[in-house]
Amino acid sequence: MSDFRSLSETEMKVMKVIWKMGRPVKSNELLEIFSEKEGKEWKGQTIATFLSRLVDKGVLLIEREGRPNTYVPRLSFKEYKKREAQNFLETMYQGSIKSFLATLYDDKISPEELEELQKWFSDK
């Protein structure tokens, strides 16, 4: 887990679009989507920088078939969430689920949620 690096807010925006598309995507497609979505013109270099960072973080793969490059998710959203949760647990609670749950239980968990958790744990 030590090599895991969380995504920034904007990197997550880019990945959510890619995950939602459910297929390999080209940078020019993302430029078009984000220009429409954000209401301002994104520069090609901006999207290229984010895509490069996502490749470096191991979330995307590059398929070099002509120009522009095609990008393919290396992790599903579910896999990313799992890694993010494990990283959070390790960083904040030294990997202890008990410590994490104790923090939540102090004042945040409702009796209904506690009952659901007890059932979930007993089913495991």
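Before reading on, note that the structure itself is shown above.
All of these numbers come straight from a predicted model, not from anything done at the bench.

Peer 1: I'd like a rundown of the sheet that holds strand β1 (residues 25-26), residues and numbers included.
Peer 2: Taking strand neighbours across the sheet as the criterion, the three strands line up as β1-β3-β2 in an open arrangement whose pairing is antiparallel. Of all strands in the sheet, those with a lone pairing partner are β1 and β2 (60-63), marking the two edges. The sheet contact formed by β1 and strand β3 (residues 70-73) spans two bridges and is antiparallel. Counterpart to Val25 in the pairing with β3 is Tyr71. Across the sheet, helix α1 (residues 9-21) lies against β1, β2 and β3, angled at about 85° from β3, the strand it touches most. Contacts from helix α3 (residues 44-56) reach β2 and β3 within the one sheet, and its direction differs from that of β2 by about 115°.

Peer 1: Explain the pairing of β3 to me, using residue names and the numbers behind them.
Peer 2: Pairing of β2 with β3 involves four bridges; the strand directions are antiparallel. Among the inter-strand pairings, Leu60 is bridged to a residue of β3, identified as Pro73. Taking the residues between adjacent antiparallel strands as the criterion, β2 and β3 are bridged by six residues, where Gly66 takes a positive phi near 75°.

Peer 1: Can you lay out helix α4 (residues 77-93) for me, pointing to particular residues and giving the numbers?
Peer 2: The end-to-end C-alpha distance of α4, which contains 17 residues, comes to 23 Å, matching closely the 24 Å that a straight helix rising 1.5 Å per residue would cover. Within the sequence span of α4, burial applies to Tyr80, Asn87, Leu89 and Tyr93. Just past α4, the residue Gln94 takes up positive phi, approximately 50°.

Peer 1: Tell me about the packing of aromatic side chains, and name the residues and values.
Peer 2: One pass over the structure, following the stated rule, counts six aromatic pairs. The interplanar angle of 65° and the centroid separation of 6.0 Å between the aromatic rings of Phe88 and Tyr93 together place this pair among those described as edge-to-face. The buried category is assigned to Tyr93, whose relative accessible area is 15%. With 5.4 Å between their ring centres and 75° between their planes, Tyr93 and Phe100 make a pair best called edge-to-face. Feature note: the residues Trp19, Phe77 and Tyr80 constitute an aromatic cluster, connected by ring pairs. The positively charged end of Arg53 is found above the aromatic ring belonging to Phe50, 5.4 Å away from the centroid.

Rules used throughout
- Residues numbered from 1 in each chain as written.
- Predicted model: local features only at pLDDT ≥ 70, side-chain atom pairs only at ≥ 80, totals over all residues.
- Heavy atoms only, no water.
- Pairing = 2+ DSSP bridges.
- Helix = DSSP H or I, 4+ residues; strand = E, 2+ residues; numbered from the N terminus.
- Contact = heavy atoms within 4.5 Å.
- Axes fitted to C-alpha atoms, helices over the stretch in contact; angles between N-to-C directions.
- Expected span 1.5 Å × (residues − 1).
- Buried < 20%, exposed > 50% of the residue type's maximum accessible area, 1.4 Å probe, protein only.
- Phe/Tyr/Trp six-rings, centres within 6.5 Å; stacked < 30°, edge-to-face > 60°.
- Lys NZ or Arg CZ within 6 Å of the ring centre and 35° of its normal.

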